[in-house]
Amino acid sequence: MKPTVRAVIGTASTYVISGLFSTLTSVLAAYFMGDVNMAPGLLGIFFSLGGVMTAVIASLPGRFVDKVGAKKTLIGIVIGELLAFILFPLSQNVPMLFAAMCINCFVTSFSVPCNTQIMRALEVKDPAKMLRVNSIGSSLAGMFASFLAARLIDNYGMDWRTAVFVFVAIGAVVGVVGILSILSLNLNVEGISVAKKTDAGAKEAAKAYKYTPAEGKSCLALCLLYIGYMGVGITISVWLPALLAGKGFSGVEASWPTTVGTTVQLLSFLLMPTLIAKALKTTKYTPVVCGLLAVVVLGTMLTNSILIICVSRGLLAVCMSFLSLHVQSDMALVAPKQAMGRYSSTVLASANAGGVLAVILTGYLSTTGVIVLLLSFAVLGVVGSLMFINPAKEIAQANAANG
């Protein structure tokens, strides 16, 4: 077996386990909330731990991988993920559930620098293909978990803990295969650094750099756009099963929209860059897509038709895929080279903050309050996308003039 294939199997195993875990915490929320007496407000904090953890640990994963190496770190990720997975159904109270989520969020944050180091060590010619396999693995795991979990409970009489242990067993098999593949890799990572290192002079120059008016406006616009669509997208993605259970839907019915969403998300990920390549190169469609987020909010929150809710959840997956691809390409085009890191980190931090804020607030609001909140985030996305058009044109013209 080629080293690259072994590497793909090893890295993808961490994404599959993570996909199973993260989907189950959302799909089964209505079951474990009542079991451990978790208030809706605490559930919002529980769902937002990933975003908070990402902000807190910052560059630690990259520095750790540089010191320890990708092989040992990947094995640690698998073990940590399985530990969190086992702790999840064993949790008898809220602190134990929070501990399980924190462990999972912490260890999975090391995946990206591990991937980077392995690809550089193996001199992978098409890194995007390897990363695509990881994303596909996570999406397929999410589809499988969302489809089967509630059915094990409602149709086969399992309690939620036993149902999770079924997926723990599946995750363990995947983890063993992943560890064996990782151990069989012969990697020379000497001198391959994945942590972002900037000399003092360059760092000071980046801090001192002042955005041009167009760059400043574009940064603000992308922040608003990112806050808007992440606020809507993340909130509906993680909260929808619990919200539907509160409306009286069965566990199986409440899981349908998540299954539809993960399926459409996977298809969008595979097909969108090819099918709508031209649309991704222009800014005129972005406000329309952001406007569709309002349709998603109304379609998921104001109806009791599971068909309409499923269609809305699928539309959300399409919108999120489109906007994610667009914002990433937009940042690459307009971010100033002298302060590209500061520019992109500002936009990404705003997205993280928007998602965390919306998820937490949802736990404390009534249905009407949640609708108003999410519509407000959708409007922010539209405003940001409209604000971005003119400065993006100005920056493109300036770049063309400067050669």
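Below is a short write-up of the structure. Position numbers for residues count from 1 along each chain, tracking the sequence in the order it is written. Side-chain atom pairs in this predicted model are given and counted only at pLDDT of 80 or more, local residue features only at pLDDT of at least 70, and totals for whole chains, interfaces and linings cover all residues. Think of the side-chain values as coming from all heavy atoms in the structure, minus any hydrogens and water.

1. Concerning the overall build of the protein
Here is step 1 of the chain: Starting at the N terminus, helices and strands are each numbered in turn, a helix being any DSSP run of H or I of at least four residues and a strand any DSSP run of E of at least two. Counting secondary structure elements, the protein contains 17 helices and zero strands.
Here is step 2 of the chain: Put simply, the protein has 403 residues, and 50% of those count as buried.
Here is step 3 of the chain: In this analysis, two residues are considered to be in contact whenever any of their non-hydrogen atoms come within 4.5 Å of each other. Put simply, of all contacts in the protein between residues at least 6 apart along the chain, 84% involve residues at least 24 apart.
Here is step 4 of the chain: To measure how exposed things are, a 1.4 Å probe is used in the Shrake-Rupley method; for residues, cover is taken only from the protein chains shown. For the protein, the exposed surface amounts to about 18300 Å²; the carbon and sulfur share of it is 67%.
Here is step 5 of the chain: Charge assignment in this entry is limited to Lys and Arg as positive and Asp and Glu as negative, and neither His nor the chain termini are counted. In plain terms, the charge of a residue is placed at NZ if it is Lys, CZ if Arg, CG if Asp and CD if Glu. Here the protein carries 26 positive and 14 negative side-chain charges, and the mean point of each set is 6 Å from the other. Exposed residues in this analysis have more than 50% of their type's maximum accessible area, buried residues have under 20%, and partly exposed residues fall in between, with area computed by a 1.4 Å probe over protein chains only.

2. A closer look at helix 8 (residues 111-121)
Here is step 1 of the chain: Ser111, Pro113, Cys114, Asn115, Gln117, Ile118 and Met119 are the residues of helix 8 that are buried.
Here is step 2 of the chain: Once helix 8 ends, the next one or two residues include Glu123, with phi positive near 55 degrees.

3. Considerations on the nonpolar core
Here is step 1 of the chain: To form a nonpolar core, buried Ala, Val, Leu, Ile, Met, Phe, Trp, Tyr and Cys residues must be joined to one another through side-chain atoms within 4.5 Å. Formed by 59 residues in total, the largest nonpolar core has its most connected members in Phe32, Met38, Leu43, Phe46, Phe85 and Phe88.
Here is step 2 of the chain: In terms of residue count, the dominant contributor to this core is helix 6 (residues 70-90) (10 residues).

4. Examining empty space enclosed by the protein
Here is step 1 of the chain: Think of a 1 Å grid over the protein atoms and nothing else: a 1.4 Å probe that fits but is trapped marks a cavity, an open set flanked by protein within 12 Å on at least five of seven lines marks a pocket, and residues with an atom within 4 Å of a point count as lining. Grid points are joined across faces, edges and corners, and a volume is the space filled by probe spheres set on the points. Tallied over the full model, the rule gives one cavity of 30 Å³ or more.
Here is step 2 of the chain: As for the largest cavity, its lining consists of Thr235, Ile236, Trp239, Leu240, Leu243, Met301, Thr362, Val370 and Leu374.
Here is step 3 of the chain: Mapped by element, the contributors of at least two residues to the lining of the largest cavity are helix 12 (213-246) and helix 17 (367-401).
Here is step 4 of the chain: In terms of residue count, helix 12 provides more of the lining of the largest cavity than any other element does, five residues in total.
Here is step 5 of the chain: Note on residue categories: nonpolar means Ala, Val, Leu, Ile, Met, Phe, Trp, Tyr, Cys or Pro, charged means Asp, Glu, Lys or Arg, and polar means any other residue, Gly included. Partitioning the lining of the largest cavity into residue classes produces seven nonpolar, two polar and no charged.

5. Comments concerning the environment of Leu348
Here is step 1 of the chain: Residue placement: Leu348 occurs in helix 16 (residues 340-362).
Here is step 2 of the chain: Ignoring anything within four residues of it in the chain, the contact list for Leu348 reads Tyr226 and Met331.

6. Observations concerning the side chain of Thr73
Here is step 1 of the chain: The residue Thr73 is located in helix 6 in this model.
Here is step 2 of the chain: The contacts of Thr73, once residues within four sequence positions are left out, are Phe64, Val65, Val68, Phe110 and Cys114.

7. Regarding the packing of helix 5 (residues 60-68) against helix 6
Here is step 1 of the chain: To get an axis, a line is fitted to the C-alpha atoms, and for a helix only the part in contact is used. The angle between two axes follows their N-to-C directions and goes from 0 to 180 degrees. Where helix 5 contacts helix 6, the axes come no closer than 7 Å and their chain directions differ by 125 degrees. With respect to each other, helix 5 and helix 6 are oriented oblique. From helix 5, Phe64, Val65 and Val68 reach across to helix 6, where they touch Ala70, Lys72 and Thr73. For classification purposes, an angle smaller than 35 degrees is called roughly parallel, one larger than 145 roughly antiparallel, one from 65 to 115 roughly perpendicular, and anything else oblique.

8. Side note on the layout of surface pockets
Here is step 1 of the chain: Approximately 570 Å³ is the volume attributed to the second largest pocket.
Here is step 2 of the chain: Counting residues per element, the ones that place at least two in the lining of the second largest pocket are helix 12, helix 15 (306-334) and helix 17.
Here is step 3 of the chain: Sort the elements by how many residues they give to the lining of the second largest pocket and helix 17 lands first, with nine residues.
Here is step 4 of the chain: Grouping the amino acids of the lining of the second largest pocket by side-chain chemistry returns 15 nonpolar, eight polar and six charged.

9. A short note on the environment of Lys2
Here is step 1 of the chain: Residue placement: Lys2 occurs in the segment before helix 1 (3-27).
Here is step 2 of the chain: What makes Lys2 exposed here is its relative accessible area of 60%.
Here is step 3 of the chain: Put simply, Lys2 and Met158 are 156 residues apart on the chain and 42 Å apart in space, counted from C-alpha to C-alpha.

10. Concerning the packing of helix 6 against helix 7 (residues 94-108)
Here is step 1 of the chain: Between helix 6 and helix 7, the shortest axis-to-axis distance is 8 Å and the interhelical angle comes to 165 degrees. One element, helix 6, and the other, helix 7, form an angle in the roughly antiparallel class. Seen from above, helix 6 lies across helix 7 with left-handed handedness. For the pair helix 6 and helix 7, contact is made by Ile77, Gly80, Glu81, Leu83, Ala84, Leu87, Phe88 and Leu90 and by Met96, Leu97, Ala99, Ala100, Ile103, Asn104, Val107 and Thr108, respectively. The sense of a crossing depends on the near helix, which, turned anticlockwise from the far helix by less than a right angle, makes the crossing left-handed and, turned clockwise, makes it right-handed.

11. Let's talk about the state of the cysteines
Here is step 1 of the chain: The disulfide definition used here is simple: a pair of cysteine sulfur atoms within 2.5 Å. Inspection of every chain in the model, using the stated rule, returns zero disulfides.
Here is step 2 of the chain: With no disulfide partner, Cys105 has as its closest neighbouring cysteine sulfur the one in Cys102, 6.7 Å distant.

12. Details of the packing of aromatic side chains
Here is step 1 of the chain: Only Phe, Tyr and Trp rings take part, Trp by its six-membered ring, and two of them pair if their centres are within 6.5 Å. Stacked means planes under 30 degrees apart, edge-to-face means over 60, and tilted covers everything else. Scanning the entire structure with this criterion turns up 15 aromatic pairs.
Here is step 2 of the chain: Seen in terms of ring centroids, Phe32 and Trp160 are 5.8 Å apart; in terms of plane orientation they differ by 55 degrees. Their pairing is tilted. Taken as a pair, Phe32 in helix 2 (residues 29-36) and Trp160 in helix 10 (residues 160-183) lie far apart in primary sequence, 128 residues in all.
Here is step 3 of the chain: Overall, Trp160 belongs to the buried group, its relative accessible area being 5%.
Here is step 4 of the chain: Residues Phe46 and Phe98 carry aromatic rings whose centres are separated by 5.8 Å and whose planes lie at 55 degrees to one another, so their mutual orientation is tilted. Of the two residues, Phe46 is situated in helix 3 (residues 40-47) and Phe98 in helix 7; the sequence distance between them amounts to 52 residues. Each member of the pair, Phe46 together with Phe98, is buried.
Here is step 5 of the chain: Three or more aromatic residues link up through ring pairs in this structure, and these residues are Phe21, Phe32, Phe46, Phe47, Phe85, Phe88, Phe98, Trp160 and Trp239.

13. Some details on the pattern of salt bridges
Here is step 1 of the chain: Any carboxyl oxygen of Asp or Glu within 4 Å of a side-chain nitrogen of Lys or Arg constitutes a salt bridge here. For the coordinates displayed, the defined rule picks out one salt bridge.
Here is step 2 of the chain: One salt bridge connects Asp35 with Arg161, and the closest N-O pair in it is separated by 3.0 Å. Taken together, the residues span a long stretch of sequence, with Asp35 in helix 2 and Arg161 in helix 10 at a distance of 126 residues.
Here is step 3 of the chain: What makes Asp35 partly exposed here is its relative accessible area of 37%.

Any functional reading would require information that these geometric values do not contain.
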